[in-house]
Amino acid sequence: MSRQKVSFLIIIMIACTLCVNTAKSQTVDSNKFAFNLGGEYGAVTSFERASHNTALGFTGQMQYGAANGIAITLTAGFYALQSKTVTSYNTYIYATPYMVTPIFNVVQTQTAKFYIFPITLGFKGFILKHFYIAGDAGIAVNKANDSGSDSGSDKYILSPGLGYATKVWEIGIRYQMFLGESGIIYDGQSIGGHSQSYNYGILGLHFSFNPAALLTTAMRHN
């Protein structure tokens, strides 16, 4: 992704924040903290899709009500990119003094899992009572041991999203962009240094809940 596109995305996120409805919100309590546990399932995009199809993630998020309808968030967790069977086709020529025979060989390789450990700082702006827009930025460390994956290199993260939330649970969709230079390894050996751009993303459906609020609600019903 070019710097111009990243800058445009940041401007849009800031503009959306300024447009947030400042009316009193019952979803975010001002000057109070909340903690959510969540999971995410999504599709891998761009370069990394060649070796991994989907991503499964688990996150914890600390939320602080900075103002009516606006929350500051700190999120950390991990994602496991699910392995994919990669099929390659090799052609050999077998020659004898009397004839030439082409030989076709199909090779299937199962890639290993690819792990991402992100930490981001962001915001939620409630444009309606329960509907919000969100934006996060941060860093991530990648870990993998399969050929062709980005391993051991830090990434910058930009993540726009939107969703629906109550004080107990929330559901949303977001696109996480992992931007940075490459640390590609082949057969356990790093090649090409860290000089080439290696960007990819995860388009995911996110679900989380607030354990304290859930417990409080359950006690009220008993």
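These numbers were taken from a predicted model, which means no experiment stands behind them.

Undergrad: Is there a simple way to think about empty space enclosed by the protein in this case?
TA: Taking a probe equal in size to a water molecule and rolling it over the atoms shows the remaining empty space. With the rule as written, the count across this model stands at three cavities of 30 Å³ or more. In this structure, the largest cavity is lined by 22 residues; those nearest its centre are Gln61, Tyr132, Glu170, Arg174 and His206. Mapped by element, the contributors of at least two residues to the lining of the largest cavity are β1 (33-46), β2 (52-67), β7 (131-144), β8 (154-165), β9 (169-179) and β12 (200-209). Volume-wise, the second largest cavity comes out at about 60 Å³. The set of elements that each furnish at least two residues to the lining of the second largest cavity consists of β3 (70-83), β6 (114-126) and β9.

Undergrad: Can you help me understand the pattern of salt bridges in this one?
TA: A side chain of one charge can pair with a side chain of the opposite charge when the charged atoms of the two come close. On inspection of all chains with the given rule, the structure shows two salt bridges. Linking glutamate 40 and arginine 174 is a salt bridge whose minimum nitrogen-to-oxygen distance equals 2.8 Å. Of the two residues, glutamate 40 sits in strand β1 while arginine 174 sits in strand β9, which places them 134 residues apart along the sequence. On the basis of relative accessible area, glutamate 40 is assigned to the buried category, the value being 3%. Here glutamate 170 and lysine 124 are joined by a salt bridge, their closest N and O atoms 2.5 Å apart. A residue pair is termed long-range when its members are at least 10 positions apart, and glutamate 170 in strand β9 and lysine 124 in strand β6 qualify at 46 residues. Lysine 124 carries the same exposure label as glutamate 170, and that label is buried.

Undergrad: Help me out: how do you make sense of the pairing of β2 in this one?
TA: The side chains of a regular strand alternate, first on one face of the sheet and then on the other. Direction of pairing for β1 relative to β2: antiparallel, over a ladder of eleven bridges. Within β2, the residue paired with phenylalanine 35 across the bridge is methionine 62. The pairing of β2 with β3 spans 13 bridges and is classified as antiparallel. Bridging across to β3, phenylalanine 58 finds its partner in phenylalanine 78. Between β2 and the antiparallel strand that follows it, β3, lie two residues; glycine 69 among them carries a positive phi value of about 85°.

Undergrad: It is not clear to me how the confidence of the model for the protein chain should be interpreted in this structure. Could you clarify?
TA: Low pLDDT means the predicted atomic positions in that stretch should not be read closely. Predicted confidence across the protein chain gives a mean pLDDT of 76, with 62% of residues reaching 70 or more. Taken together, the stretch residues 184-195 has pLDDT below 50 and engages in 26 contacts with residues farther than four places along the chain or on a different chain.

What counts as what
- Residues numbered from 1 in each chain as written.
- Predicted model: local features only at pLDDT ≥ 70, side-chain atom pairs only at ≥ 80, totals over all residues.
- Heavy atoms only, no water.
- 1 Å grid on protein atoms, 1.4 Å probe; cavity = no way out; pocket = protein on both sides within 12 Å on 5 of 7 lines; lining within 4 Å.
- Points joined across faces, edges and corners; volume = space filled by probe spheres on them.
- Helix = DSSP H or I, 4+ residues; strand = E, 2+ residues; numbered from the N terminus.
- Salt bridge = Lys/Arg side-chain N within 4 Å of Asp/Glu carboxyl O.
- Buried < 20%, exposed > 50% of the residue type's maximum accessible area, 1.4 Å probe, protein only.
- Pairing = 2+ DSSP bridges.
- pLDDT = per-residue confidence, 0-100.
- Contact = heavy atoms within 4.5 Å.

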